[in-house]
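Spelled out from the first residue to the last, the chains are:
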Amino acid sequence: MVFDDMCPHRLAPLSEWRIDQWGRLQCVYHGWCFSGSGDCNLIPQAPPDGPPVHTFGKACAGVYPSTVQNGIVWFWPNTDSQYKDILTTKKPPYIPELDDPSFTNQMFNRDIPYGYEVLIENLMDRSHVPYAHYGILKSEQRR
């Protein structure tokens, strides 16, 4: 499961989470608990005999449709409910080399302080390479 990195309550980062004894994602700020579909299952501060505030839509966490293929987590970058089943019709690309035991690879991750939109634009913009990455990457000499 891939969650939006903010609790709907106080926007605390859900990446600082823990999993409670019932397998729910728990926000470490106030303890709100979410199911794998993003539904809020528990608001500890809500009175047990009060209205079921945890069932309100604004109490839900954003969840991106996701799957694991070739040892890689793939996700559809939209939490809108119309896309919740998108991966049944749109599959990530299959990379047979990653399933070949003779193929070696190295996986790593890096936290970056911006969204995927900026990253994709950056990766597609080759014109910045000789300047922003000067001396790091081999590039043709400018005339």
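Everything below is about the structure shown above.
(A) A look at the nonpolar core. In terms of nonpolar packing, the biggest core is built from eleven residues, these being Cys-7, Ala-12, Leu-14, Leu-25, Cys-27, Trp-32, Phe-34, Cys-40, Ile-43, Ala-59 and Ala-61. Every residue in contact with Cys-27, bar those within four places of it in the chain, is listed here: Cys-7, Ala-12, Leu-14 and Trp-32.

(B) How the structure looks around the environment of Asp-20. Within the element layout of this structure, Asp-20 appears in the loop between β2 (18-19) and β3 (25-26). Spatially, the C-alpha atoms of Asp-20 and Cys-33 are 8.1 Å apart, while their sequence positions differ by 13 residues. A distance of 3.0 Å separates a polar side-chain atom of Asp-20 from the backbone nitrogen of Trp-22.

(C) Representation of the pairing of strand β8 (residues 72-75) within the structure. The sheet contact formed by strand β7 (residues 66-69) and β8 spans four bridges and is antiparallel. Bridge assignment links Val-68 to a residue of β8, and that residue is Val-73. Hairpin connection, β7 to β8: the antiparallel pair is bridged by two residues, and Asn-70 has positive phi, about 55 degrees.

(D) Broad picture of the side chain of Asn-70. Along the chain, the position of Asn-70 falls in the loop between β7 and β8. Judged by its relative accessible area of 12%, Asn-70 is buried. Here Ile-95 takes part through its backbone oxygen, which lies 2.9 Å from a polar atom of the side chain of Asn-70. Discounting chain neighbours no more than four positions away, the residues touching Asn-70 are Pro-93, Tyr-94, Ile-95, Leu-98 and Asp-99.

(E) Structural context of the side chain of Arg-24. Structurally, Arg-24 is set in the loop between β2 and β3. For Arg-24, the side chain forms a polar contact with the side chain of Asp-20, separated by 2.7 Å. With sequence-adjacent residues up to four places away left out, Arg-24 is seen in contact with Arg-18, Ile-19, Cys-33, Phe-34, Asn-41 and Leu-42.

(F) Highlighting the pattern of salt bridges. Taken as a whole, this structure holds two salt bridges when the rule is applied. Between Arg-24 and Asp-20 there is a salt bridge; the shortest N-O distance is 2.7 Å. Judged by its relative accessible area of 16%, Arg-24 falls in the buried class. Owing to a relative accessible area of 9%, Asp-20 belongs among the buried residues under this scheme. Note that Asp-85 and Lys-84 form a salt bridge whose closest N and O atoms lie 3.8 Å from each other. A residue is classified by how much of its surface remains accessible, and Asp-85, at 47% relative accessible area, is partly exposed.

(G) Highlighting the sheet that holds strand β5 (residues 40-42). Spatially, four strands are ordered β2-β3-β4-β5 in an open sheet, and the strand pairing comes out antiparallel. What marks the edges here is a single partner per strand, and that holds for β2 and β5. Where β3 and strand β4 (residues 33-34) come together, two bridges link them in antiparallel fashion. The residue bridging Gln-26 from the neighbouring strand is Cys-33, located in β4.

(H) Up close: the packing of aromatic side chains. One pass over the structure, following the stated rule, counts two aromatic pairs. Between the aromatic rings of Tyr-64 and Phe-75, the centroid separation amounts to 5.5 Å while the plane-to-plane angle is 65 degrees, which identifies the pairing as edge-to-face. On the criterion of sequence distance, the pair formed by Tyr-64 in strand β6 (residues 63-64) and Phe-75 in strand β8 is long-range, its members being eleven residues apart. For Tyr-64, a relative accessible area of 16% puts it in the buried group. Under the relative-accessibility criterion, Phe-75 is labelled partly exposed at 38%.

Each value, and the rule that gives it
- Residues numbered from 1 in each chain as written.
- Predicted model: local features only at pLDDT ≥ 70, side-chain atom pairs only at ≥ 80, totals over all residues.
- Heavy atoms only, no water.
- Core = buried A, V, L, I, M, F, W, Y, C linked by side-chain atoms within 4.5 Å.
- Buried < 20%, exposed > 50% of the residue type's maximum accessible area, 1.4 Å probe, protein only.
- Contact = heavy atoms within 4.5 Å.
- Helix = DSSP H or I, 4+ residues; strand = E, 2+ residues; numbered from the N terminus.
- Polar contact = N/O pair within 3.5 Å; in protein donor to acceptor, adjacent residues only side chain to side chain.
- Pairing = 2+ DSSP bridges.
- Salt bridge = Lys/Arg side-chain N within 4 Å of Asp/Glu carboxyl O.
- Phe/Tyr/Trp six-rings, centres within 6.5 Å; stacked < 30°, edge-to-face > 60°.

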